[in-house]
Amino acid sequence: MKNEKLSLDKNGRFEISLKVNGKPLSMEVKPSESLLEALRKYGYKGTKKGCDTGDCGSCAILMDGSSRVSCVMPAFLAHGSEITTIEGLGTVQNPHAIQAAFVEAGAVQCGFCIPGMIVSAKHLLDRNKTPGEGEIKHHLDGNLCRCTGYVKQIEAVKLAAKKLRKSSK
Ligand code: FES
Ligand code: FES
């Protein structure tokens, strides 16, 4: 399905099929529409629009398991993909270990950057549950935060790694 040729309908839109947070979804998108705009239009508003130019990381999502900035990605490129947004990780009642760690570490101030930061951290921790501080910094260097100074967020990722190691035992 991924490489299938899409054609525009009579309204000049593509109809794409994808999975968002494990659920199949069809979306009608304009050729110029970003994946960020499309996700927000379909209700996934946890993914934030910051710069809209690919520079701040607040719109990060996982596409087939890898983190991507969705504001500069045309939505039609997501046809056939599995997308995970922050809503797919956990809920207030049942947070993902990374979400819980960010709260516990006091890494959240205004919160605007946090969905993107957590999604980027998930990409890292899915691949490596014992990342060093340098690796965490390197991995999160595309996620800008105007409030925290990053120290607590790096601590949060270390704490999340610990929690995930514990839960996989
Ligand atoms: S909103 Fe996408 S990188 Fe800033
Ligand atoms: S917590 Fe405010 S921008 Fe990061």
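All values derive from a computational prediction rather than experimental measurement.

1. Concerning the environment of Arg127
Next, step 1: The residue Arg127 is located in helix H3 (residues 114–127) in this model.
Next, step 2: With 91 residues separating them along the chain, Arg127 and Leu36 place their C-alpha atoms 25 Å apart.
Next, step 3: Here Arg127 is in contact with Gly65 and Ser66, once residues within four sequence places are set aside.
Next, step 4: A polar atom in the side chain of Arg127 sits 2.9 Å from the backbone oxygen of His123.

2. Looking at the domain arrangement of the protein chain
Next, step 1: Entries for the protein chain in the domain assignment read domain 1 (14–86) and domain 2 (97–167).
Next, step 2: Computed over C-alpha atoms, the centres of domain 1 and domain 2 are 21 Å apart.
Next, step 3: Contacts between the two partners involve 15 residues from domain 1, matched on the other side by 13 residues from domain 2.
Next, step 4: Taking both sides of the interface into account, the surface hidden between domain 1 and domain 2 amounts to around 1100 Å²; carbon and sulfur atoms contribute 63%.
Next, step 5: The interface formed by domain 1 and domain 2 contains zero salt bridges.
Next, step 6: Joining domain 1 to domain 2, the criterion identifies five residue pairs in polar contact (both at pLDDT 80 or more).
Next, step 7: Elements that contribute at least two residues to the side of domain 1 that touches domain 2 include exactly strand E3 (60–63) and strand E4 (66–69).
Next, step 8: Of all the elements, E3 adds the most residues to the side of domain 1 that touches domain 2, at three residues.
Next, step 9: Residues of the side of domain 1 that touches domain 2, tallied by class, amount to five nonpolar, seven polar and three charged.

3. Details of the side chain of Ser81
Next, step 1: On the secondary structure map, Ser81 appears in the loop between E4 and strand E5 (82–84).
Next, step 2: Discounting residues that sit within four places of it in the chain, Ser81 has contacts with Lys2, Ser17, Leu18, Lys19, Met63 and Asp64.

4. Let's talk about the nonpolar core
Next, step 1: One finds Ile98, Phe102, Met117, Ile118, Leu125, Ile136 and Val157 to be the most contacted residues of the largest nonpolar core, which totals 23 residues.
Next, step 2: Looking at this core, the elements that each hand over two or more residues are helix H2 (97–104), H3 and helix H5 (151–167).
Next, step 3: Aside from chain neighbours lying at most four places away, what touches Ile98 is Ile118, Ala121, Lys122, Leu125, Ala160 and Leu164.

5. A closer look at the pattern of salt bridges
Next, step 1: Tallied over the full model, the rule gives six salt bridges.
Next, step 2: Among the salt bridges present, the one from Glu33 reaches Lys41, with a minimum N-O distance of 2.8 Å.
Next, step 3: Residue class for Lys41 comes out partly exposed when judged on its relative accessible area of 43%.
Next, step 4: Here Asp126 makes a salt bridge to Lys122, at a shortest N to O gap of 2.9 Å. Linking Asp126 with Lys122, this pair stays in helix H3, spanning four residues, or about one helical turn.
Next, step 5: Residue classification places Asp126 among the partly exposed positions, given a relative accessible area of 41%.
Next, step 6: Look at the salt bridges and you will find they share partners, linking Glu133, Lys137 and Lys158 into a network.

Conventions we followed
- Residues numbered from 1 in each chain as written.
- Chains lettered and ligands numbered in written order.
- Predicted model: local features only at pLDDT ≥ 70, side-chain atom pairs only at ≥ 80, totals over all residues.
- Heavy atoms only, no water.
- Helix = DSSP H or I, 4+ residues; strand = E, 2+ residues; numbered from the N terminus.
- Contact = heavy atoms within 4.5 Å.
- Polar contact = N/O pair within 3.5 Å; in protein donor to acceptor, adjacent residues only side chain to side chain.
- Domains from an automatic or database assignment.
- Buried area = accessible area lost by both parts, 1.4 Å probe.
- Salt bridge = Lys/Arg side-chain N within 4 Å of Asp/Glu carboxyl O.
- Nonpolar A, V, L, I, M, F, W, Y, C, P; charged D, E, K, R; others polar.
- Core = buried A, V, L, I, M, F, W, Y, C linked by side-chain atoms within 4.5 Å.
- Buried < 20%, exposed > 50% of the residue type's maximum accessible area, 1.4 Å probe, protein only.

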